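As a plain string of letters, each chain reads:
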Amino acid sequence: MASAASIAASIASKTKTKKKHFVAQKVKLFRASDPLLSVLMWGVNHSINELSHVQIPIMLMPDDFKAYSKIKVDNHLFNKENMPSHFKFKEYCPLVFRNLRERFGIDDQDFSNSLTRSAPLNSEAQGRSGARFHTSYDKRYVIKTISSEDVAEMHNILKKYHQFIVECHGNTLLPQFLGMYRLTVDGDETYMIVTRNVFSHRLSVYKKYDLKGSTVAREASDKEKQPPPPEDVPQRQKSGNVQQRLQTLRIATRFYCAMKHVRDAKELPTYKDNDFINDGQKIYIDEENKKLFLEKLRKDVEFLAQLKLMDYSLLVGIHDVERAEQEEVESEDNEAEEEGESDGGVIGTPPDSPSNTLDSTKPLSPGEFDPTIDVYAIKSNDGAPRKEVYFMAIIDILQHYDAKKKAAHAAKTVKHGAGAEISTVNPEQYSKRFYDFITTILS
């Protein structure tokens, strides 16, 4: 019988042998056309990996709301085609945002995969002060560039925001803030914040509105209503040999799969309050959903007023179920025709293309959605003129009512008169007017 000493030695020997296997690890590459996005992908992956080794605290401490982690990388030689050789990555309040992700039902590894498995997609939309937007490749998260003032404001409200999310159990129309970062490349600092996407990753939105409850200068301009020119989609060849036509069909199919949702988002103008009224638009939801929605909205705007925040909007996206079904039928007809012309050949898609990852869960019927993912979605009621799904959430909440806004209020009052429905009013007025207007659009 082996002695205890020999068994212990054997275990120790095996342990040492196993450790050797961890020396040569496969390097994860982060390829994006924009080096800044490559750095974001690298940083999020690094951050989530580091956090996985940090024990989850019983409760957050005051210092956690001031904390940050940062790393400086020099001579980063691998993947040098996409990744800068010198960069810095800073994450603000990592434990707080990890806790928020948990309260919003988001697994850290899933979050990391969404942002790092394939490069985020560029959006044509531009926010105030020229903010740029990207979406994660699976459409679940939005990445927005913000200013250093926004970062400071986020720090100002983060503790109260976190407490509010705890109290409402994550059941809110407010933005779901999931991570805030500073990226430094070539000496230039860029601040980014990640939120859950208001719109669906699979149900396309055909019309969207940005509503503030104000009527002064609140319509989309002619320029805003004009969609950008369509992407250059590979065209079918009318002549040429069979191999050339097959290759063209393969490229077109891959392109369509990868760009379908992107084009939909790009081509949508953002309409505003007066457009909503002039269109005769209404949100048709049943009494139970209306009650729940307005209760959330009331609590949210009261919270924003307490923080002296204003100038936020309700983003509304409308999915037309029958229209989407018709487009799906036409798409399937086109694919069947192309498959016939390709003599039954299988047309593949790249492993990381959205067509392979977006709908990997159980199939859903037209107009159906997973409420744990599409958390802002509400179905239209049975009496609605059309079968629709609405996506509604409050956005752009980081505007504090400061001296600049007070001056803007005074200037607009002089221009439009004291009774005009201008957007720049004090937070209490703003929240009441905003709430009252939203109640009128629900039917």
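Higher on the page you've got the structure.
Asker: Where do I start with the overall build of the protein in this structure?
Answerer: Within the protein, the regular secondary structure consists of 13 helices and 12 strands. A total of 443 residues make up the protein; the buried ones form 45% of that total. Intrachain contacts of the protein at a sequence separation of at least 6 include 75% that bridge at least 24 residues. As displayed, the protein offers around 24100 Å² of accessible surface, 51% of which is attributable to carbon and sulfur atoms.

Asker: What should I look at first to understand the sheet that holds strand β8 (residues 207-211) in this one?
Answerer: In any sheet, the strands associate via hydrogen bonds between backbone groups, in a parallel or an antiparallel arrangement. The strand order across the open sheet formed by five strands is β9-β8-β10-β12-β11, and the pairing between neighbours is mixed. Edge strands, defined here as strands with exactly one partner in the open sheet, are β9 (270-271) and β11 (377-379). Here strand β10 (residues 313-320) runs beside strand β12 (residues 388-395); their pairing, made up of eight bridges, is antiparallel. By the bridge assignment, isoleucine 318 is partnered in β12 with tyrosine 390. Against the sheet, helix α9 (residues 287-306) makes contact with β10, β11 and β12, and its axis sits at roughly 15° relative to β12, the strand it touches most.

Asker: Would you explain the pairing of β8 in this entry?
Answerer: Of all five residues in β8, five are buried, a share of seventy percent or more. Where burial is concerned, the two faces of β8 agree: the one with Lys207, Tyr209 and Leu211 and the one with Lys208 and Asp210 are both buried. Strand direction decides the pairing type here: β8 and β10, joined by five bridges, are antiparallel. Across the sheet, the residue bridging to aspartate 210 is leucine 315, located in β10. In this sheet, β9 lies alongside β8 in parallel orientation, the contact comprising two bridges. Its bridge partner being in β9, lysine 208 is matched across the sheet by threonine 270.

Asker: Quick question: what am I supposed to make of the packing of helix α5 (residues 148-167) against α9 here?
Answerer: Packed helices, taken two at a time, are described by their axes: the angle between them and the distance between them. As a packed pair, α5 and α9 sit with axes 11 Å apart at the nearest point and diverge in direction by 160°. It follows from the interaxial angle that α5 and α9 lie roughly antiparallel. Where α5 crosses over α9, the two elements pack in a sense that is right-handed. Across the interface between the two elements, Lys160, Tyr161 and Phe164 from α5 touch Lys299, Asp300 and Phe303 from α9. Partitioning the contact of α5 with α9 into residue classes produces three nonpolar, no polar and three charged.

Asker: Any chance you could explain empty space enclosed by the protein here in plain terms?
Answerer: Remark: the empty space left among the atoms is shown by a probe the size of a water molecule rolled over them. For the structure shown, the criterion picks out one cavity of 30 Å³ or more. In this structure, the largest cavity encloses a volume near 30 Å³. Forming the boundary of the largest cavity are Ile56, Pro57, Leu60, Leu95, Arg98, Asn99 and Glu102. Considering only residue class, the lining of the largest cavity consists of four nonpolar, one polar and two charged.

Asker: Can you help me understand the nonpolar core in this one?
Answerer: Looking at soluble globular proteins, one finds that nonpolar side chains tend to be buried together. Grouped together as the largest cluster of nonpolar side chains are 85 residues, with contacts concentrated most on Phe111, Phe293 and Ile394. A total of eight residues in this core trace back to one element, the largest contributor, which is helix α2 (residues 35-51). Counting 14 residues, the second largest nonpolar core, distinct from the first, contains Val198, Val321, Val389 and Phe391.

Asker: Before we go on, may I ask you to explain the packing of aromatic side chains in this structure?
Answerer: Two measures describe an aromatic ring pair: the distance that separates the ring centres and the angle between the ring planes. Under the criterion given, the structure shown has 11 aromatic pairs. Three or more aromatic residues joined by ring pairs form one cluster here, namely Tyr209, Tyr271 and Phe276. Just above the ring of tyrosine 68 sits the side chain of lysine 90; from NZ or CZ to the centre is 4.2 Å. Seen from the ring of tyrosine 271, lysine 207 lies directly overhead, with NZ or CZ sitting 4.8 Å from the centre.

Asker: Would you take a moment to explain the side chain of asparagine 99 for this structure?
Answerer: Secondary-structure assignment places asparagine 99 in helix α3 (residues 94-103). Residue contacts for asparagine 99: discarding those within four places in its chain leaves Leu60 and His162.

Asker: Just checking my understanding: could you explain unusual backbone geometry for this structure?
Answerer: Phi is positive for lysine 308, close to 60°, though the residue is something other than glycine. Mapped onto the elements of the fold, lysine 308 is located in the loop between α9 and β10. Assessed through its relative accessible area of 38%, lysine 308 is described here as partly exposed. Residue aspartate 311 is not a glycine yet carries a positive backbone phi of 70°. Mapped onto the elements, aspartate 311 comes out in the loop between α9 and β10. Its relative accessible area of 9% is what places aspartate 311 among the buried residues.

Asker: Would you mind showing me how to read α9 here?
Answerer: Think of an α-helix as 3.6 residues a turn; residues three or four steps apart then line up on the same face. The end-to-end C-alpha separation of α9 is 29 Å, in line with the 28 Å expected for 20 residues at 1.5 Å each. Looking at α9, one finds that the buried residues are Lys290, Phe293, Leu294, Lys296, Leu297, Asp300, Val301, Phe303, Leu304 and Ala305. Residue lysine 308 follows α9 closely and has a positive phi angle near 60°.

What counts and how
Residues numbered from 1 in each chain as written. Predicted model: local features only at pLDDT ≥ 70, side-chain atom pairs only at ≥ 80, totals over all residues. Heavy atoms only, no water. Helix = DSSP H or I, 4+ residues; strand = E, 2+ residues; numbered from the N terminus. Buried < 20%, exposed > 50% of the residue type's maximum accessible area, 1.4 Å probe, protein only. Contact = heavy atoms within 4.5 Å. Areas by Shrake-Rupley, 256 points an atom, 1.4 Å probe, with all protein chains shown as cover. Pairing = 2+ DSSP bridges. Axes fitted to C-alpha atoms, helices over the stretch in contact; angles between N-to-C directions. Parallel < 35°, antiparallel > 145°, perpendicular 65-115°, else oblique. Left-handed = near helix turned anticlockwise from the far one by under 90°. Nonpolar A, V, L, I, M, F, W, Y, C, P; charged D, E, K, R; others polar. 1 Å grid on protein atoms, 1.4 Å probe; cavity = no way out; pocket = protein on both sides within 12 Å on 5 of 7 lines; lining within 4 Å. Points joined across faces, edges and corners; volume = space filled by probe spheres on them. Core = buried A, V, L, I, M, F, W, Y, C linked by side-chain atoms within 4.5 Å. Phe/Tyr/Trp six-rings, centres within 6.5 Å; stacked < 30°, edge-to-face > 60°. Lys NZ or Arg CZ within 6 Å of the ring centre and 35° of its normal. Expected span 1.5 Å × (residues − 1).

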